[in-house]
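Secondary and tertiary structure notes
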Amino acid sequence: MVSIAARNLLHDRTRVAVSAGGVGFAIMLILILAGTYDGFYRQAGLFTENSGADLFVGQAGVVDTLHSFSILPLNLTDDLAGVPGVERVCAIISRTVELHVGDSDHPKAILVGYNESHGTAGPWRILEGERLPGPGEIVVDQIMARKNGLSLGSDVRIGGRGFRVAGISAETNMFIMQYAFVRYGEIEGLVLPPATATYFLVKVSPGADADRVQALINERFPGVQAFTLDEITTNNRNVISGLFLPILLTLYTIGFMIGITVIGLTVYTATMERSKEYGVLKAIGSGNGTLARIVLTQAVLMAMLGLLAGLAITAATASLIGYAVPEMYLYFTPFQIAFVFVAALGMSALATTLPLRRLARIDPASIFRRG
Amino acid sequence: MDALRAEGIEKVYAEGDAEVRAVDGASITLKAGEVTLIMGPSGSGKTTLLFLLGGLLRPTRGHVWVNGDDLAALSERKLPRVRIRNFGFVFQDFNLLANLTARENVQVPMELARVPTAMAADRAGKLLTRLELGSRLDFLPEKLSGGEKQRVSIARALANRPRVLLADEPTANLDSKLGKEVAELLRRAASRTGAAVLMVSHDARIVDAADRLLLMEDGRLQAMT
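With that settled, consider the sheet that holds strand E9 (residues 212–217) of chain B. Residue and element names in this part refer to chain B. Strand order in the open sheet made by the 6 strands is E6-E7-E8-E3-E9-E10, with mixed pairing throughout. Each having just a single partner strand, strand E6 (87–90) and strand E10 (220–223) make up the two edges of the open sheet. With direction set aside, neighbouring strand axes in the sheet form an average angle of 20 degrees. Sheet topology places strand E3 (residues 35–39) next to strand E8 (residues 196–200); 4 bridges connect them, and they run parallel. Residue pairing in the sheet places Ile-38 in a bridge with Val-200 of E8. Along the sheet, helix H5 (residues 146–158) contacts E6 and strand E7 (164–168); its crossing angle with E6, the most-contacted strand, is approximately 170 degrees.

Residues and elements named next belong to chain B. Reading across the sheet, the 4 strands line up as E2-E1-E4-E5 and stay open at both edges, with antiparallel pairing between neighbours. In this open sheet, the two strands that pair with only one neighbour each are strand E2 (18–31) and strand E5 (69–70). Looking at chain direction, strand E1 (residues 2–15) and strand E4 (residues 61–66) are connected through 4 bridges and run antiparallel. By the bridge assignment for E4, Ala-6 is matched with Val-64. Against the sheet, helix H1 (residues 46–53) makes contact with E1, E2 and E4, and its axis sits at roughly 120 degrees relative to E1, the strand it touches most.

It is worth spelling out a nonpolar patch on the surface at this point. A grouping of Leu-10, Leu-305 and Leu-308 of chain A is seen on the molecular surface, where their side chains present a nonpolar patch of about 250 Å² in accessible area. Positionally, Leu-305 of chain A belongs in helix H9 (residues 288–324).

In this assembly, 34 residues from chain B lie in contact with 26 residues from chain A. Here chain B meets chain A over a buried area of about 2600 Å², counting both sides, of which 60% is carbon and sulfur. Here chain B and chain A share 2 salt bridges between them. Taken together, the links from chain B to chain A amount to 9 residue pairs in polar contact (both at pLDDT 80 or more). Elements that contribute at least two residues to the side of chain B that touches chain A include exactly H1, helix H2 (79–86) and helix H3 (102–112) of chain B. Among the elements that take part in the side of chain B that touches chain A, H3 of chain B stands out by supplying 6 residues, more than any other. Its residues assigned to classes, the side of chain B that touches chain A comprises 16 nonpolar, 11 polar and 7 charged.

What follows covers the packing of helix H2 (residues 13–49) of chain A against helix H7 (residues 229–272) of chain A. All names here are of chain A. In contact at an axis separation of 9 Å, H2 and H7 are set at 175 degrees when each is read in the N-to-C sense. Considering the angle they form, H2 stands roughly antiparallel to H7. Residues of the contact of H2 with H7, tallied by class, amount to 24 nonpolar, 11 polar and 4 charged.

We now examine the packing of aromatic side chains. Enumeration according to the criterion identifies 10 aromatic pairs over all chains in this entry. Seen from their ring centres, Tyr-179 of chain A and Phe-181 of chain A are 6.1 Å apart, and the 20 degrees between their planes marks the pair as stacked. Accessibility classification places Tyr-179 of chain A together with Phe-181 of chain A in one group, the buried group. Taken together, a centroid distance of 6.4 Å and an interplanar angle of 10 degrees make the contact between Phe-89 of chain B and Phe-91 of chain B stacked. Assigned by exposure class, Phe-89 of chain B and Phe-91 of chain B land together as buried. Every member of this aromatic cluster is reached through a ring pair, and the members are Phe-47, Tyr-114, Tyr-179 and Phe-181 of chain A.

We now examine H2 of chain B. For H2 of chain B, a buried count of 6 out of 8 residues is recorded, marking the element as mostly surrounded by other parts of the structure. Listing the buried residues of H2 of chain B in full gives Leu-79, Pro-80, Val-82, Arg-83, Ile-84 and Asn-86 of chain B. Turning to H2 of chain B, the residues buried within the fold contact helix H8 (275–284) of chain A together with E4, E5, E6, H3 and E7 of chain B.

Moving on, we get to a negative patch on the surface. Residue and element names in this part refer to chain A. Residues Asp-209, Asp-211, Asp-230 and Glu-231 make up a contiguous surface patch of negative charge. By the element assignment, Asp-230 lies in helix H7. The class for Asp-230 is exposed, based on a relative accessible area of 61%.

Turning next to the packing of H7 of chain A against helix H11 (residues 353–361) of chain A. Residue and element names in this part refer to chain A. H11 packs onto H7 with a crossing angle of 20 degrees between their chain directions and a minimal axis gap of 8 Å. Put simply, H7 runs roughly parallel to H11. Where H7 crosses over H11, the two elements pack in a sense that is right-handed. Listed contacts from H11 to Val-267, Tyr-268, Thr-271 and Met-272 of H7 are Leu-354, Pro-355, Arg-358 and Leu-359. A class-by-class count of the residues in the contact of H7 with H11 yields 6 nonpolar, 1 polar and 1 charged.

For the rest of this paragraph, the subject is unusual backbone geometry. Residue and element names in this part refer to chain B. The residue Arg-114 is not glycine, and still its phi comes out positive at about 65 degrees. Mapping Arg-114 onto the fold places it in the loop between H3 and helix H4 (117–130). Here the phi dihedral of Asp-218 falls at roughly 50 degrees; this positive angle occurs in a residue that is not glycine.

Owing to its 3.6 residues per turn, the α-helix aligns residues three or four sequence positions apart on the same side. Taking 1.5 Å per residue as the helical rise, H2 of chain A with its 37 residues ought to reach 54 Å, and the 50 Å between its terminal C-alpha atoms agrees with that figure. Summarising burial for H2 of chain A: 26 of the 37 residues are buried, a large majority.

Once that is clear, we can look at a positive patch on the surface. Residues Arg-293 of chain A together with Arg-77, Lys-78, Arg-81, Arg-85 and Arg-114 of chain B make up a contiguous surface patch of positive charge. You can see Lys-78 of chain B is positioned in the loop between E5 and H2.

Turning our attention to the side chain of Ser-94 of chain A. Looking at where Ser-94 of chain A falls in the secondary structure, it is placed in strand E3 (residues 86–98). Leaving out residues up to four positions away in the same chain, Ser-94 of chain A has contacts with Ile-110, Leu-111, Val-112, Thr-198 and Tyr-199 of chain A.

Our focus in this paragraph is the pairing of E10 of chain B. Residue and element names in this part refer to chain B. In this sheet, E10 lies alongside E9 in antiparallel orientation, the contact comprising 4 bridges. Opposite Glu-217, over in E10, you have Arg-220 as the bridge partner. In textbook terms, the turn of a hairpin is the stretch between consecutive antiparallel strands, and for E9 and E10 this stretch comprises 2 residues, one of which, Asp-218, has a positive phi near 50 degrees.

A separate point is the pattern of salt bridges. Across all of its chains, the model carries 23 salt bridges over all chains by this definition. Between Arg-274 of chain A and Glu-277 of chain A there is a salt bridge whose closest N-O contact spans 3.5 Å. The partner of Arg-21 of chain B in a salt bridge is Glu-10 of chain B, with the nearest N and O atoms 2.9 Å apart. In this pair, Arg-21 of chain B is assigned in strand E2 and Glu-10 of chain B in strand E1, connecting sequence segments 11 residues apart.

The rules we used
Residues numbered from 1 in each chain as written. Chains lettered and ligands numbered in written order. Predicted model: local features only at pLDDT ≥ 70, side-chain atom pairs only at ≥ 80, totals over all residues. Heavy atoms only, no water. Pairing = 2+ DSSP bridges. Helix = DSSP H or I, 4+ residues; strand = E, 2+ residues; numbered from the N terminus. Axes fitted to C-alpha atoms, helices over the stretch in contact; angles between N-to-C directions. Contact = heavy atoms within 4.5 Å. Patch = residues over 30% accessible without salt bridge, like charges linked within 9 Å, V, L, I, M, F, W, Y side chains within 5 Å. Areas by Shrake-Rupley, 256 points an atom, 1.4 Å probe, with all protein chains shown as cover. Salt bridge = Lys/Arg side-chain N within 4 Å of Asp/Glu carboxyl O. Buried area = accessible area lost by both parts, 1.4 Å probe. Polar contact = N/O pair within 3.5 Å; in protein donor to acceptor, adjacent residues only side chain to side chain. Nonpolar A, V, L, I, M, F, W, Y, C, P; charged D, E, K, R; others polar. Parallel < 35°, antiparallel > 145°, perpendicular 65-115°, else oblique. Phe/Tyr/Trp six-rings, centres within 6.5 Å; stacked < 30°, edge-to-face > 60°. Buried < 20%, exposed > 50% of the residue type's maximum accessible area, 1.4 Å probe, protein only. Lys, Arg positive; Asp, Glu negative; His and termini not counted. Charge placed at Lys NZ, Arg CZ, Asp CG, Glu CD. Left-handed = near helix turned anticlockwise from the far one by under 90°. Expected span 1.5 Å × (residues − 1).

As far as function goes, none of this settles anything; it's purely spatial.
Below is the structure:
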């Protein structure tokens, strides 16, 4: 079929460009929100996923590591190690603290004190320097380093004690804060009372059933609660879902409505200014179905142009955000692209409602002069 | 052979409490290859009659038969298909699709009738060439003169080899010379394709092109010759 839809739509290129930009911004809004949400969601599970443990043990009632606080006696280490199926137990400290950098900067960090000999809970990706901090050393996140001018050999202070930056880690950003890693012994008694820990990371023996070990721990120690790695990771991510999803859905809806409005206005204008021609098509034998296809094609074309514009605007915006607000971690996936593609098609379908109603009412006889 | 037969058709409009009888019991038979011209003053109902014969309006009473179908009895869904198969329309102000070339304008009705695009383009090219528009195939309507536009419009009307070609004031926007040329073109089209041509017009200069002349007055149709 001669492309009446494309010809009519592209006839006014300025209008198409402006509309594609409008739809593009709506798509960008949806994508950036999705990228932010998925970024936060992913980050919320990275620490536990990369901990190397099979079970997380915390104070009873504490179900996640993000906004709950657990404190347990250190001597629980031996008790847990005695549970059948446990290979080793590592006590860690995980607390939000202020780092003192120079004289004036006091960035907050999630400080993790861990026992390097157990091979659990440390930084999992190192960009520079050492993965395992030695005595008096600290590994800081790359964003923390960049924002505060830290590099290998820089000095930071925590609770009056000095640490030298020995490593720069990646993937250890958590929203507005970043992880920092030191040896357990370095901060024992500094950020928690002496002989206490926040969590115990349990590694089960080869061949042992982690669920069985979890059940045994929960049964034997009423004051503690053990989670599998999947459970604690999911719990952490549920914190993000609970916080962000309602806001996100609202903003998605706004972005979607903006897209529908822009496409709708463009297609409606393109349809109405050619209404006489649609009357001609009806008169010569075109049914409403054919006219609907023309209008729908225009809407889909508009949406696809908007999608392309949206992807370009998103790429530019994401790059700008990465530079200006590095802690805002955007995580893009093929699913999101598929989602905005489907959203754009949905926008097209809804945007044609009004033009199609008008087209259906066009009387083919109206294009003749009355005699 | 009868290309179209209408019997006792009436169109009554309500205007407030009053009834307006736009077409009052008109009967007409259009024969293949014959040119019929309906003349009459403005408001006499001749364009309404054209709508009724072309299936663009439904009669209040009466029947219009084309190719075995009674247009008055067909559903709204089936009417477009019957129109595209049986009718060609020529409009007073050409009504070409502004963003399509001359060739594409002629292709449109063929493609609506499900003729494959390549074949439709080829046929449109040949049709326009026959109407001496071979050098204007890829011109947009805005680049064509009034006479050329009307010839494209006639080519579009002939595209699906219709049984009936309905022309509403086809010469109204053309000067005298071009008007006569267009009327003669319709006359030749009727002879060559066997289509029944019905023109409604005020233009007395084109009566020579008609085989039969009818007068429409106050909704009633009567023979003049």
